[in-house]
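An overview of the molecular structure
One letter stands for each residue in the lines below.
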Amino acid sequence: MGSSSSSHTDPTPKNAICVIGAGPTGLGALKIVKDSPDFKAGRWSVTVFEARNSLGGVWNPAPAQADVPLTALYDSLTTNTAHPLMSYTSYPFPPETPLYPPWPVVLTYLQNYAKAFALLPHIRFNTPVTSLHWDASIHKWAVAVQEEEILQFDLVLVANGHFRVPRIPATKGLEAWRAHNKITHSAWYRDPSVYTGKLLVIGGGYSGMDVASETRPYANTVIHAITGTKAEDQDGGKFKKRGRVVEYLDPKEGKVLFEDGTSESGINQVVLATGYQFSFPFLSNPEVEPTLPPPVPPIPSVLYNSTYHVFPLAKHMFPLVSSYPPSSIAFLGLPLRVAPFPLTEIQTQAALKVFTDPRSLDLPREADALRARYDALLASVTPKLQALDQTAEVAVADAWFRFGFTEQFDYRDELYEFVGTTYRVPRWERELFEEKDQLRERCRELERRGEAEAWLRGVGTGANPVQEWADFMYKVLIEGPAAPSKA
């Protein structure tokens, strides 16, 4: 645990490490710290602060309260990535686990992970971090937790997740619909059967796809709006695909206008599956500026949280700032559209390397990399600004952590090289991740046919379970039944 501001000086002080959050990222970080030689030699201590009364983060269920729910977890949620691709490298899922398990299986996996590696004694539950400030006088982070307890830490690993605070788009007329209680966000979505009228679902991510699909048996009509989508009616008009909503018109009439100039009326309810904000309620000025950063160049000397991204971060982790050492704090798990569990492991290893050897982080080279990424993203989004309905700065920020299929693995390999290990992401992991949506559909078809259990029998029970799961995924892709085409 970090030292208290009122405690006596330890004659043999340890370096104290703080981890914020006991979700998948915080748990993975804690295990990596515990595995380190410095921790085993007694030179480091580690404490995880978790605001809730149990671990699991987004996989830990909570009711859809009127205020922002503690999690966006909905009743039917399954993983959108096959578990052999998303599990910690040191801890596979149990044998015969369905490739895309429901959320209770993932929560049990995380609970068992914590028990297997004796993580629980290092976690303080019901202890939210309320503020985090750099104390230059003692060269430590002052971490305030509940009841005004203030502790000092040498290294902070921020792992509080980013699927909590809903992002509400600034579409014209939306606020009037909210005033009429006709707008909600998928953060509050739990049960599809409550949507019985004419439903509009906004967003083409996994949550939007799930909400649009699951509500079809209950709603009179489901309209699924995704930017750039060509208008199409299915199921006799009971399911409609439309482009982006550009304006919410009269809420009493339930009328909206789409990007192609067409409209729909009689809409009873809207579910916004429009993503989430990066939120760090314990960080404020001067450590973080809560706004968009200025255009690049130059690279700013302070850290900004635009809610779309955090900038500037070397290696997507370390603040390139002048007011506190970049080696003293790391933001874990920010990249999107990735397999977060294995990414957490190598990010934490990189954070520990930089903490023990700050000179290993080449700051001028990292600044050059940030400028290059900014220029590449700006060139990519500029032709799309009108379709995106965003400014250039917002579009760059929104794209900053949205990794492509190969980018996440290249990033992980760069970190493996940085920490000095010869391990690299295996070829099967790259190939199968790119096919994960097709793999998911074939698994669902096996379940619909009642054949999934037979296919899974015995998988993962051998001497090399990782390879067994890789072979099984290839088998499902090659030999598994394709889903029937939709009318």
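Right, let's walk through the structure included here. Predicted model, so just to flag it, every value in this text is computed and none were measured.

Within the secondary structure, Arg190 sits in the loop between strand S9 (183-185) and strand S10 (198-202). Classification of Arg190 as buried rests on a relative accessible area of 12%. Filtering out sequence-adjacent residues up to four positions away, Arg190 remains in contact with Ala62, Pro63, Ala64, Pro69, Thr71, Ala72, Leu73, Tyr74 and Asp75. A polar atom in the side chain of Arg190 sits 3.2 Å from the backbone oxygen of Ala62.

Here we come to the layout of surface pockets. Gaps left between atoms are located by rolling a probe of water-molecule size over the structure's atoms. Here the second largest pocket defines a volume of roughly 550 Å³. If you trace the second largest pocket, you find 19 residues lining it, with Lys315, Glu366, Ala369, Tyr411 and Glu414 closest to the centre. For the lining of the second largest pocket, the secondary-structure elements that each account for two or more residues are strand S21 (313-314), helix H8 (363-381) and helix H11 (405-419). Take the lining of the second largest pocket: its biggest share by element is seven residues, from H11. Grouping the amino acids of the lining of the second largest pocket by side-chain chemistry returns eight nonpolar, two polar and nine charged.

Among all positions in helix H12 (residues 427-434), only Trp428, Glu429, Leu432 and Phe433 are buried. Summarising the axial view, the buried residues of H12 lie within an arc of 125 degrees, below the 170-degree limit, and thus occupy one face.

A word on the sheet that holds strand S16 (residues 263-264). On the basis of which strands lie adjacent, the open sheet formed by three strands has the order S14-S15-S16 and antiparallel pairing. For this open sheet the edge positions go to strand S14 (245-248) and S16, each flanked by a neighbour on one side alone. In this structure, S14 lies alongside strand S15 (residues 256-258), joined through three bridges in antiparallel fashion. Each residue of the ladder has a partner; that of Glu247, found in S15, is Leu257.

Moving on, we get to the packing of helix H1 (residues 24-35) against helix H7 (residues 340-356). Between H1 and H7, the least distance of the axes is 8 Å, while the angle of their chain directions is 45 degrees. The angle between H1 and H7 falls in the class oblique. Every pair of crossing elements has a handedness; the one defined by H1 and H7 is right-handed. In this structure, H1 uses Pro24, Thr25, Gly28, Ala29, Ile32 and Val33 to contact H7, whose residues at the interface are Phe341, Thr344, Glu345, Thr348, Gln349 and Leu352. A class-by-class count of the residues in the contact of H1 with H7 yields six nonpolar, five polar and one charged.

So, about the pattern of salt bridges. What the rule picks out here adds up to 24 salt bridges. One salt bridge connects Arg373 with Glu407, and the closest N-O pair in it is separated by 2.6 Å. Separated by 34 residues along the polypeptide, Arg373 in helix H8 and Glu407 in helix H11 bring together distant segments of the chain. For Arg373, a relative accessible area of 17% corresponds to the buried category. For Arg449, the salt bridge identified is with Glu445, shortest N-O distance 2.9 Å.

Cut-offs and rules
- Residues numbered from 1 in each chain as written.
- Predicted model: local features only at pLDDT ≥ 70, side-chain atom pairs only at ≥ 80, totals over all residues.
- Heavy atoms only, no water.
- Helix = DSSP H or I, 4+ residues; strand = E, 2+ residues; numbered from the N terminus.
- Buried < 20%, exposed > 50% of the residue type's maximum accessible area, 1.4 Å probe, protein only.
- Contact = heavy atoms within 4.5 Å.
- Polar contact = N/O pair within 3.5 Å; in protein donor to acceptor, adjacent residues only side chain to side chain.
- 1 Å grid on protein atoms, 1.4 Å probe; cavity = no way out; pocket = protein on both sides within 12 Å on 5 of 7 lines; lining within 4 Å.
- Points joined across faces, edges and corners; volume = space filled by probe spheres on them.
- Nonpolar A, V, L, I, M, F, W, Y, C, P; charged D, E, K, R; others polar.
- Arc of directions from axis to C-beta.
- Pairing = 2+ DSSP bridges.
- Axes fitted to C-alpha atoms, helices over the stretch in contact; angles between N-to-C directions.
- Parallel < 35°, antiparallel > 145°, perpendicular 65-115°, else oblique.
- Left-handed = near helix turned anticlockwise from the far one by under 90°.
- Salt bridge = Lys/Arg side-chain N within 4 Å of Asp/Glu carboxyl O.

Any functional reading would require information that these geometric values do not contain.
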